[in-house]
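Geometric and topological summary
What follows is each chain in one-letter form.
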Amino acid sequence: QVQLVESGGGLVQAGGSLRLSCAASGRTVGDYTVGWFRQAPGKERDFVAWVGWKGELTYYTDSVKGRFHISRDHAQNTVYLQMNSLKAEDTAVYYCATSDRFSIGVADYALWGRGTQVTVSS
């Protein structure tokens, strides 16, 4: 059974950095777009970034441009989200997911991980 497992979350001070990992098991996700989303308490799940299957195409929501960087390692079957200059408003549960298209829409992503908590203290 295919699974996505996020890791790397934690508590960090504002201005700090974290690197999230999304590891796939059971099947390669090399043919799929992988996206990162986040959900703060009481809010909807929002798009953060996606990386295309080749790793050459990426797209970010405006609020993280210049601070976050998404990448993928096909050999490790893993996608990373490097988060720098973190702000309190980045606090959320972060999820990775796969899609067969380039999309920022939650509904276009079929396979999801369980999430990892990121807390940024101000």
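Residues numbered from 1 in each chain as written. Predicted model: local features only at pLDDT ≥ 70, side-chain atom pairs only at ≥ 80, totals over all residues. Heavy atoms only, no water.

**Brief notes about the environment of Val 51**
- With respect to the helices and strands, the residue Val 51 is situated in strand S5 (residues 46–51).
- Apart from residues no more than four positions distant in its own chain, Val 51 is found in contact with Tyr 32, Thr 33, Val 34, Leu 57, Thr 58, Ile 70, Arg 72 and Val 79. (Helix = DSSP H or I, 4+ residues; strand = E, 2+ residues; numbered from the N terminus. Contact = heavy atoms within 4.5 Å.)

**Here we look at the pairing of strand S11 (residues 116–121)**
- Burial along S11 is one-sided: the residues Thr 116, Val 118 and Val 120 are buried and none of Gln 117, Thr 119 and Ser 121 is.
- As defined by bridge partners, strand S2 (residues 10–13) adjoins S11 across four bridges and the pair is classed as parallel. In the strand pairing of S11, Leu 11 is matched with Thr 119.
- Two elements, strand S9 (residues 92–99) and S11, share three bridges in a ladder whose sense is antiparallel. Across the sheet, Tyr 94 pairs through a bridge with Thr 116, a residue of S11. (Buried < 20%, exposed > 50% of the residue type's maximum accessible area, 1.4 Å probe, protein only. Pairing = 2+ DSSP bridges.)

**Some words on the packing of aromatic side chains**
- Scanning the model with the defined rule gives eight aromatic pairs in all.
- Arranged with centres 6.1 Å apart and planes meeting at 25°, the rings of Trp 50 and Tyr 59 form a pair that is stacked.
- On the basis of relative accessibility, which here comes to 9%, the residue Trp 50 falls in the buried class.
- A relative accessible area of 38% means that Tyr 59 is categorised as partly exposed.
- Measuring from centroid to centroid gives 6.4 Å for Tyr 95 and Trp 112, while their planes differ by 75°, and the two rings are edge-to-face. In this pair, Tyr 95 is assigned in strand S9 and Trp 112 in strand S10 (residues 111–112), connecting sequence segments 17 residues apart.
- For Tyr 95, a relative accessible area of 13% corresponds to the buried category.
- For Trp 112, a relative accessible area of 22% gives the class partly exposed.
- Linked through ring pairs, Phe 37, Phe 47, Trp 50, Tyr 59, Tyr 95, Phe 102, Tyr 109 and Trp 112 together constitute an aromatic cluster.
- In this arrangement the basic side chain of Arg 45 is found over the ring face of Trp 112, its NZ or CZ atom lying 4.9 Å from the centre. (Phe/Tyr/Trp six-rings, centres within 6.5 Å; stacked < 30°, edge-to-face > 60°. Lys NZ or Arg CZ within 6 Å of the ring centre and 35° of its normal.)

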